[in-house]
Amino acid sequence: MSRSAHPAGPRHADVLPEGHYSAPAADLNVLDPKVWSHTVSRGADGVVSVGGIDVKKLAEEFGTPGYFLDEADFRERARAWRTAFGHDADVFYAGKAFLSRAVVRWLHEEGLNLDVCSGGELATALSAGMPADRIAFHGNNKSEEEIRTAIEAGVGRIVLDSFQEIVRVAHIAQSLGKRQRAQIRVTVGVEAHTHEFIATAHEDQKFGIGLADGQAAEAVRRALALDGLELVGIHSHIGSQIFDMAGFEVAARRVVKLLAEVRDEHGVELPEIDLGGGLGIAYTSEDDPSEPHEIAKALSEIVTRECEAAKLRTPRISVEPGRAIVGPTAFTLYEVGTIKPLDGLRTYVSVDGGMSDNIRTALYDAEYSVALVSRASDAEPMLVRVVGKHCESGDIVVKDAFLPADLAPGDLIAVPATGAYCRSMASNYNHALRPPVVAVHDGEARVIVRRETEEDILRLDVG
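Quick caveat: nothing in here was measured; it's all calculated off a predicted structure.

Draft legend 1. Looking closely at the sheet that holds strand β3 (residues 48–50). Spatially, three strands are ordered β2-β3-β4 in an open sheet, and the strand pairing comes out antiparallel. For this open sheet the edge positions go to β2 (41–42) and β4 (53–54), each flanked by a neighbour on one side alone. Note that β3 and β4 share two bridges and pair antiparallel. Following the sheet pairing, S49 is matched in β4 by D54.

Set out below in structure tokens:
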């Protein structure tokens, strides 16, 4: 077992020190296919294109900053996950990564299910035609209104996150004359080797019901006793941006042990186990994520082995990739504004966006790549920090990277792998206007989430 997965304890994450960066690539014009979507390429004229349209044309038509999403790449990744897990498992796209009605339609067409964690996400899913029985509803503090709406719509499962919620969901379902399918989310005491704020399975956090202290077993007892619930399984999620299967091995072992205890106490073998999501993607060339078929094989073998040891029938596995599907499919396009060289340190490159369209660097110390995309350059590499236009010293988009030394105001640069969480977490800080999401496919581009306007902001300000 790898040392990068460990029982929850004092170590939450290894955060890279200030000034950490890799050496520059041999050729800054080369785009690493690990971090860019599959239809992105640099043309003979040096201009980068996606889906057959170059970024200069995209910037001219849709403006900057903007998120440009490669529809073919999204569909290809969704299909790869569906194929890898086959018909004996369920793949739920984690809508929190990025959700729009266009994305919901793509998911439906590619045969994926969807998990949501708010009334707004549920409304988006239903309005775009996702069958309710293919929707799972997550969240640690669902309102009564959200629960009622979900049950009335007929969602396929609600993931129960607390003792109060077990009773609340059961009561609302019974009042509606329904029996709601549900899973119980447990915290298994395994902490994925990731940033503390995105590690979710150690006990000291808001999600789930503890396994080690017997609380999860008690939650099962209560759920099985309530007429408004049909308890179908156990849910576990150990973190985000995970590259190592070792954490899933520990989590699966502990969840299967709980399933065996449920069987021994209640004579019931719960038919489902959800191992969550959190599988990592390549933000930089140093990242090395696994392919969906490798993940599917590893998870299936882990669960099967543990169930055989416990003399249990192997339950139906569910997984919840979100970032792993949408993350690599999009890049954010910016126009360069001011450039400030600091002797002996680095050059600050300011762009027309910032933490309002990508809060992850400020929030998680996330690392990204960046490239000059409106032209090629043979200039020497210079160490840069790409920053935004907001009145905040932490307004950093890319902490440390290399761009050509002849970079100039008006150039277009792009940050890849921004499909997940960037638009979802975008804000109006400094009354910035949230950028559009533009889907590009086979030489055509269309807005799927439009750019905000000043009128949008003023409309909400009732004075």
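Draft legend 2. Summary view of the environment of V326. Of note, V326 is situated in helix α10 (residues 323–326). With 289 residues separating them along the chain, V326 and S37 place their C-alpha atoms 9.8 Å apart. Not counting chain neighbours up to four residues away, the residues in contact with V326 comprise L69, F74, Y93, A97, F98, G419 and A420.

Draft legend 3. Local environment of the pairing of strand β10 (residues 180–187). By the criterion of burial, β10 is predominantly enclosed, with seven of the eight residues buried. Examined bridge by bridge, β10 and strand β13 (residues 229–235) share six bridges and lie parallel to one another. Across the sheet, A182 pairs through a bridge with L231, a residue of β13. Pairing of β10 with strand β12 (residues 209–210), which is carried by two bridges, proceeds in the parallel orientation. Each bridged residue has a counterpart across the sheet, and for V186 the counterpart in β12 is I209.

Draft legend 4. Representation of the environment of E306 in the model. By the secondary structure assignment, E306 is in helix α9 (residues 292–310). Taking the C-alpha atoms as reference points, E306 and V50, separated by 256 residues in sequence, lie 44 Å from one another. In contact with E306, not counting residues within four places along its chain, are R253 and V256.

Draft legend 5. Molecular detail of the side chain of T64. With respect to the helices and strands, the residue T64 is situated in the loop between α1 (55–62) and β5 (66–70). A distance of 2.6 Å separates the side chain of T64 from the side chain of D352, its partner in a polar contact. When neighbours within four sequence positions are excluded, T64 is seen to be in contact with A59, L333, Y334, E335, D352, L412 and R451.

Draft legend 6. Quick look at the pairing of strand β20 (residues 396–404). Of all nine residues making up β20, nine are buried, and the element is well covered by its neighbours. Relative to β20, strand β19 (residues 381–387) runs antiparallel, the two sharing six bridges. By the bridge assignment, V384 is partnered in β20 with A401.

Draft legend 7. Region of the structure containing the pattern of salt bridges. Across all of its chains, the model carries 28 salt bridges by this definition. Linking E165 and K142 is a salt bridge whose minimum nitrogen-to-oxygen distance equals 2.6 Å. Taken together, the positions of E165 in helix α6 (residues 163–175) and K142 in the loop between β8 (135–137) and α5 (144–153) put the pair 23 residues apart, joining distant regions of the chain. For the residue pair E165 and K142, the accessibility class agrees, reading buried in each case. Of the charged contacts, one joins D406 and R375 as a salt bridge, the two residues approaching to 3.2 Å between their closest N and O atoms. A residue pair is termed long-range when its members are at least 10 positions apart, and D406 in the loop between β20 and β21 (412–416) and R375 in the loop between β18 (371–372) and β19 qualify at 31 residues.

Draft legend 8. Main features of the packing of aromatic side chains. With the rule as written, the count across this model stands at seven aromatic pairs. With centroids separated by 6.0 Å and ring planes inclined at 35°, the aromatic side chains of F68 and F331 adopt a geometry described as tilted. Of this pair, F68 sits in strand β5 while F331 sits in strand β16 (residues 330–342), and the two are 263 residues apart along the sequence. A residue is classified by how much of its surface remains accessible, and F331, at 1% relative accessible area, is buried. What links up through ring pairs into an aromatic cluster is the set W36, F62, F68 and F331. The ring of F163 carries the charged tip of R222 above its face, separated from the ring centre by 4.3 Å.

Draft legend 9. Spotlight on the nonpolar core. Counting 114 residues, the largest nonpolar core has Y93, I184 and I413 as its most contacted members. It is helix α8 (residues 246–266) that contributes the most residues to this core, ten residues altogether. Formed by 22 residues, the second largest nonpolar core is a distinct cluster that contains L31, W36, A414 and V438.

Draft legend 10. Unusual backbone geometry, seen in detail. That bond from T64 to P65 is cis: its omega, -5°, falls within 30 degrees of zero. Along the polypeptide, P65 turns up in the loop between α1 and β5. Although it is not a glycine, D365 sits at a positive phi angle of roughly 60°. Structurally, D365 is set in the loop between α11 (360–364) and β18.

How each quantity is defined
- Residues numbered from 1 in each chain as written.
- Predicted model: local features only at pLDDT ≥ 70, side-chain atom pairs only at ≥ 80, totals over all residues.
- Heavy atoms only, no water.
- Pairing = 2+ DSSP bridges.
- Helix = DSSP H or I, 4+ residues; strand = E, 2+ residues; numbered from the N terminus.
- Contact = heavy atoms within 4.5 Å.
- Buried < 20%, exposed > 50% of the residue type's maximum accessible area, 1.4 Å probe, protein only.
- Polar contact = N/O pair within 3.5 Å; in protein donor to acceptor, adjacent residues only side chain to side chain.
- Salt bridge = Lys/Arg side-chain N within 4 Å of Asp/Glu carboxyl O.
- Phe/Tyr/Trp six-rings, centres within 6.5 Å; stacked < 30°, edge-to-face > 60°.
- Lys NZ or Arg CZ within 6 Å of the ring centre and 35° of its normal.
- Core = buried A, V, L, I, M, F, W, Y, C linked by side-chain atoms within 4.5 Å.

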